[in-house]
Amino acid sequence: MRGQDLSIAKEFKEMGYGEALESDAAALEWLEKNKRKFGHFIDGKFTKPSNTFKTTNPANGKFLAEISKGNLSDIKLAVTSAVAAQKRWSSLNSHERAKYLYALARVIQKNSRLLAVLETLENGKSIRETRDIDIPLVVRHFYHHAGWAEILHEEFKDYEPVGVAGQIIPWNFPLLMLSWKIAPALAAGNSVILKPAETTSLTAIYFAKLCEMIGLPKGVVNIVTGDGETGEHLISQDKIGKIAFTGSTEVGKRIRKKTAGKGKKLTLELGGKSPFIIFDDADIDSAVEGLVDAIWLNQGEVCCAGSRLLVQESISEKVKRKIVARMKKLRVGNPLDKSVDMGAIINQSQLKKIGQMVSESEKEGAKVFQTNIKCDAKGCFYPPTLITDTEPSMEIVREEVFGPVLVFLTFRTPNEAVEIANNTQYGLAASIWTENINLALDMAPKIKAGVIWINSSNMFDAAVGFGGYRESGYGREGGKEGIFEYLKPKGHNSPKKVNRFKESRKVKTLDQTADSSIDQTRKFYIGGKQVRPDGGYSSKLIDKNGNFVTEVGLGNRKDIRDAVESANLSSSWSTTTSHNRSQVMYYLAENLSKRKAEFCAKLELFVEPKDAEIEVNLAIERLFYYAAWTDKLDGAVHQAPIRANTLAINEPLGVIGAISSESEPFLSFITILGLALSQGNRVIIIPSRANPLACLDFYQVIDTSDVPGGVVNIISGSPGELGKVLSEHSGVDAIWHFGSKKYFSEVESLSISNLKQTYVSDGESMDWSNTQSPVLKELLRRSVQVKNIWIWWEVLRYCLLAILIQN
Ligand code: NDP
């Protein structure tokens, strides 16, 4: 008996590994049935394959199929089809649209096995992930958005579809990214043209077949396959109302530049270098398991991969040992093997890039630990990698590798962890591991990222918005915030023209250097102080009767630089309580009200007295209005169908550079200030060129209303010149431009320096007197960015289990 036991134990120990292969027969049969050649899906039918390129299996190099490369005429055909289809699609009632989305969810679910295999064959990721993570999430996205389609008319009464959405997706989560793009677009009443990545088009083509199968109206979904050039054709189409892009920051910036000034909505979901922070009180085993998901899920080819590990110094050696032990257990190999943890890298060029970055780090003095892997030599496999002895300046620490490579850093205090975590141009996600909920919730708002996972990582759901801060892009996908991205305010393109203050546009200014008589130059307001123009230049301000009023400073690059510095130093405005902000704003309104006659008199120099009074009255009301909003632009608690709740918190954008309007100059100036300040932003504002007097003198009200220095900075001068400097300055987080349309293209194009969020609207044709105007309501929503904080309940579950067991 004893001997038998021993032999079983021995057998068990020495048992060889046997693959548990998922069958690829059905997927290959489908490829064969289509003669392994595919055209585009345009206007509800497939085009004849043409101009094809090959797609291969990265795990073994085997040929899979030939895919058509879309050219300009394919894209134009798709646009014509999508434009016509969108009219019909948006005129269906919500329930009809919902039924189609529901049908898509069901048909994907029924085909999930084949889709999972096809995705694994083309991408190289493990079947365990495609089967258990990707495809179920795809299905969930279509179900969730069938729900949004159903209630759209109730929940978004003041909004309408953007029209046709052009969508470009990467290769790392091919079908999942397709669902993140197509499901919300369709739910919101748009039609789409989607371009999958060159390397991974097959599941998108299969999805097109499913659209055909459920009888989706023709032209609502168009799939045009191809490469970057096809993508360029797509983004250049005038009739497309929105571009949604996921991919590298480099291409994202290029797209921003190409679409600048074209009036298209834009969502960019880009790269990252996300911190994974382990505190000394964390459940280390759970954290290490979380780390496996964070960096080795999908071979590390994940935009929000926890690729920068930050461990509290006192536990760093212990954590390192555990990681190394866990790495040795990771199985890398044939992705169709159900027991494999990591499959193949997407292609040879990505494999080479990863290898080069790792070798470079070694040359710079880092230590590299890798496990031994035995894989198909023809496949693109790369071992799990841990890099220690790093410096913050190393490329491997700063740049996205997009591979299974983890860099190891340490910290001593929570503040130091925040500093290291934020020491990057990216801001996509962060993972925080601690058993102290106070510490976790203290850290979450301090980290500049769009998604925070507490004691968890890489969690996604259709009900929860996903997207970045800073150079990780803007816009959100998922949740209610994601639906807004596919809508525009009703009447956005035909705002009411207001002529009441047209007089002000007749005002003349003369640029010249200040003369040597008594200086009457209105100064700037920077860092809470009055400041003379750096260049010493000014212009004469002439009233409506042609009389000289005063001289107004002409700001330059240096003035803007000083203002940006001050605004960045006044970050406490963004973290102070909303109640405090409202108090300051009410105080501004109160003080302006006290000086009403004086401000009316300033405006009367340029407009009729009755109009001046209306404008000042509205400005006082406006400050009250936005003071009221300081603590009412609530976030949400999203309900993901897992043991977690997600707090969707509205956070300030940071420093906003604003170019005010020539129309209703004082009211527009106060509106912009009110909007920005109410949500915790700091501002550098350029007032009207023609009528800046009341705006420049508003510093006196600011000075007596407890506004901290640097929160508001006012610089007069050329909107073109100053707007340009603000747009390219990397210390500015967002640009709002209400000046002339002729600047929009330049402003949006220059915003790529640090990927500022931009909002441009022709201030002259806006109805500034109406707080309910769609543009102002939308701007309030756009004065914040949503951070989703996932709070995992697993601990609670353990507590409940413990109680149950005890009873
Ligand atoms: P890209 O950003 O180049 O590609 C993403 C998508 O954009 C693809 O569909 C691509 O087409 C398309 N595209 C490329 N150039 C243009 C263009 N000029 N205009 C319009 N569309 C364009 O990513 P890559 O696939 O080349 O990967 C490069 C690096 O980007 C990776 O090493 C990784 O670091 C990062 N990356 C980040 C992702 C993320 O989610 N954050 C996802 C993928 C990559 P095509 O596939 O044909 O080139």
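Here goes a summary of the coordinates provided. Per chain, the residues get numbers from 1 upward, laid out in the order the sequence is written. Where local features are concerned, this predicted model is filtered to residues with pLDDT of at least 70; where side-chain atom pairs are given and counted, the filter is 80 or more; whole-chain, interface and lining totals use all residues. No hydrogens and no water enter the side-chain calculation; it runs on all heavy atoms of the structure.

## Some words on the pattern of salt bridges
Close approach of charged atoms allows side chains with opposite charge to pair. Note the cut-off: In the sections that follow, a salt bridge refers to a side-chain nitrogen of Lys or Arg positioned within 4 Å of a carboxyl oxygen of Asp or Glu. Helix numbers and strand numbers start at the N terminus; a helix is a DSSP run of H or I with at least 4 residues, a strand a run of E with at least 2. A simple rule labels every residue: compare its accessible area, found with a 1.4 Å probe on the protein chains alone, to the largest value its type can have, and call it buried under 20%, exposed over 50%, or partly exposed in between.
One pass over the structure, following the stated rule, counts 39 salt bridges. Put simply, Lys 69 and Glu 229 hold a salt bridge, and the shortest N to O gap is 2.9 Å. Here Lys 69 is found in the loop between β5 (63–68) and α3 (72–91), whereas its partner Glu 229 is found in helix α9 (residues 228–235), with 160 residues between them in sequence. Overall, Lys 69 belongs to the buried group, its relative accessible area being 19%. Across the pair Arg 412 and Glu 313 runs a salt bridge whose closest N-O atoms are separated by 3.1 Å.

## A word on the pairing of strand β11 (residues 265–269)
Note the following rule: What makes two strands pair is DSSP finding at least two bridges between them. Orient the strands so they point away from the viewer; a crossover is then right-handed if the path from the first strand over the helix to the second runs clockwise.
With five of five residues buried, β11 lies mostly within the body of the structure. Residues Lys 265, Thr 267 and Glu 269 line one face of β11 and the alternating positions Leu 266 and Leu 268 line the opposite face, and both faces are buried. Bridge analysis of strand β10 (residues 242–246) against β11 gives five bridges, and the strand direction is parallel. What sits directly across from Ala 244, in β11, is Thr 267. Regarding topology, helix α10 (residues 249–259) serves as the crossover connection from β10 to the parallel β11, and that connection is right-handed.

## Structural notes on the packing of aromatic side chains
Each aromatic ring pair is described using two quantities: the centre-to-centre distance and the angle formed by the ring planes. Under the convention used in this document: For Phe, Tyr and Trp, where Trp contributes only its six-membered ring, two rings pair if their centres lie within 6.5 Å, and the inter-plane angle classes them as stacked under 30 degrees, edge-to-face over 60, or tilted in between.
For the structure on display, the rule yields 25 aromatic pairs. With 5.8 Å between their ring centres and 35 degrees between their planes, Tyr 525 and Tyr 699 make a pair best called tilted. With Tyr 525 in strand β23 (residues 524–526) and Tyr 699 in helix α25 (residues 699–703), this residue pair connects regions lying 174 residues apart in the sequence. On the accessibility criterion, Tyr 699 (14% relative accessible area) is buried. Three or more aromatic residues joined by ring pairs make a cluster, and in this case those are Trp 148, Phe 156, Tyr 159 and Phe 484.

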